Amino acid sequence: MTASSGDAQGAKKKPAISAAILLLVVALGAGIAAAGSHQGTEVMGLPVFALVVAWIFLVQIIAFIPAWLNQTETFFDLTGSLTYITAAIGGVALSGHTDAVSLLLAGAVTLWALRLGSFLFMRVRRSGSDDRFDDIKPDFPRFLTVWIIQALWVAITLSAALAAITAAERPTLGVLTVVGMLLWLAGFVFEIVADLQKSRFRAEPTNKDEFIRTGLWAWSRHPNYFGEIVLWMGIAIAAIPALSGWQYATLISPIFVIVLLTQISGIPLLESKADGYWGDQAAYQAYKARTSVLVPLPPRAAGSEQL
């Protein structure tokens, strides 16, 4: 087989792979919609949870159209954040639930999405582009797939909070919800501080080709991700009193966030990128050796086991 024929066959396989991924994503979305809708509030005979999940997917498809036509990823993260906000508020509005549990969960999701979405959007605006999309944008099936995957990401991550917001039986504000919201607050503040420290570090011209190793980043190589994981764990805990039956399946939310950030698109990609930039520097190797990957811990001696 010649190189050209191999490339041609590879090109033919790409649409099939994208189609398979799309079908899998839609199937997973349907599964989470069914689980979260169990014993949930309905509007005109339709479960509110499922309607919100459908909205989440619809928003990504609509946003993809101008993104494809203009070959831009500038508003990708912003669209994801706006989807969280509209889904959380929509869940409250459609279910008609204005109790403390619903409002706390919807408010927490909205505040987090506003903060992170604006932060990521401004970062892309400053840099001009996101190199994650360089090879994807020209390929219609792959670019569409990324947007649909974002819909699944939003749906699963939000699922515990949304199930609690739309559950038919309304719980009173109890210990678990209070503990969960305090945990969310701790993670939220931790993530903000980590992002601010890195932004200020990057703003200094003298740090242009350097890696951050101060503040929270001296205790963890990815403190912002630690905060992200903690806050979603808090939201899941806060949601537990409102859940019943198959709704408990939505507690996969923080597990999904952990797997996504530690095994798929978060830490592995950033670690690989950092190794490419500074991997041959003794200072960077020493930093990796003494600094925890995720969980903030006091710097340790070089050669100790990684956490």
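So, how was this worked out
Residues numbered from 1 in each chain as written. Predicted model: local features only at pLDDT ≥ 70, side-chain atom pairs only at ≥ 80, totals over all residues. Heavy atoms only, no water. Helix = DSSP H or I, 4+ residues; strand = E, 2+ residues; numbered from the N terminus. Rg over C-alpha atoms; globule rule 2.2 N^0.38 Å. Buried < 20%, exposed > 50% of the residue type's maximum accessible area, 1.4 Å probe, protein only. Contact = heavy atoms within 4.5 Å. Areas by Shrake-Rupley, 256 points an atom, 1.4 Å probe, with all protein chains shown as cover. Phe/Tyr/Trp six-rings, centres within 6.5 Å; stacked < 30°, edge-to-face > 60°. Lys NZ or Arg CZ within 6 Å of the ring centre and 35° of its normal.

Please explain the overall build of the chain as it appears in this structure.
A tally of helices and strands in the chain yields 10 helices and 2 strands. Going residue by residue from the N terminus, the α and β elements of the chain occur as α-β-β-α-α-α-α-α-α-α-α-α. Expected size for 307 residues packed as a compact globule is a radius of gyration near 19 Å; at 21 Å, the chain falls within 12% of this value. With the C-alpha coordinates aligned to their principal axes, the bounding extent of the chain is approximately 60 × 55 × 35 Å. Looking at the chain as a whole, 46% of its 307 residues are labelled buried. Across the chain, the fraction of contacts at a sequence separation of at least 24, relative to all contacts at a separation of at least 6, is 77%. Approximately 15100 Å² of the chain is accessible, and the part contributed by carbon and sulfur atoms is 69%.

In this structure, what is going on with the side chain of Thr157? I would like to understand it.
Relative to the assigned elements, Thr157 resides in helix 5 (residues 140-166). With a relative accessible area of 2%, Thr157 lands in the buried category.

Quick question: what am I supposed to make of the packing of aromatic side chains here?
For any pair of aromatic rings, geometry is given as the distance between the ring centres together with the angle between the planes. Inspection of every chain in the model, using the stated rule, returns 18 aromatic pairs. Here Phe76 and Trp147 contribute two aromatic rings whose centre-to-centre distance is 4.9 Å and whose plane-to-plane angle is 80 degrees, an arrangement assigned as edge-to-face. You can see Phe76 sitting in helix 3 (residues 76-95) and its partner Trp147 sitting in helix 5, a full 71 residues away along the chain. As far as burial versus exposure is concerned, Phe76 and Trp147 are alike and both buried. Centroid distance Tyr84 to Trp153: 5.9 Å. Interplanar angle 85 degrees. Geometry classified as edge-to-face. On the criterion of sequence distance, the pair formed by Tyr84 in helix 3 and Trp153 in helix 5 is long-range, its members being 69 residues apart. Using a relative accessible area of 1% as the deciding quantity, one classes Tyr84 as buried. Through a chain of ring-to-ring contacts, the aromatic side chains of Phe64, Trp68, Phe75, Phe76, Phe140, Phe143 and Trp147 assemble into a single cluster. The lysine or arginine in question, Arg115, covers the ring of Phe119, its NZ or CZ lying 5.4 Å from the ring centre. Over the aromatic face of Phe211 sits the side chain of Arg213, whose NZ or CZ is 4.1 Å from the ring centroid.

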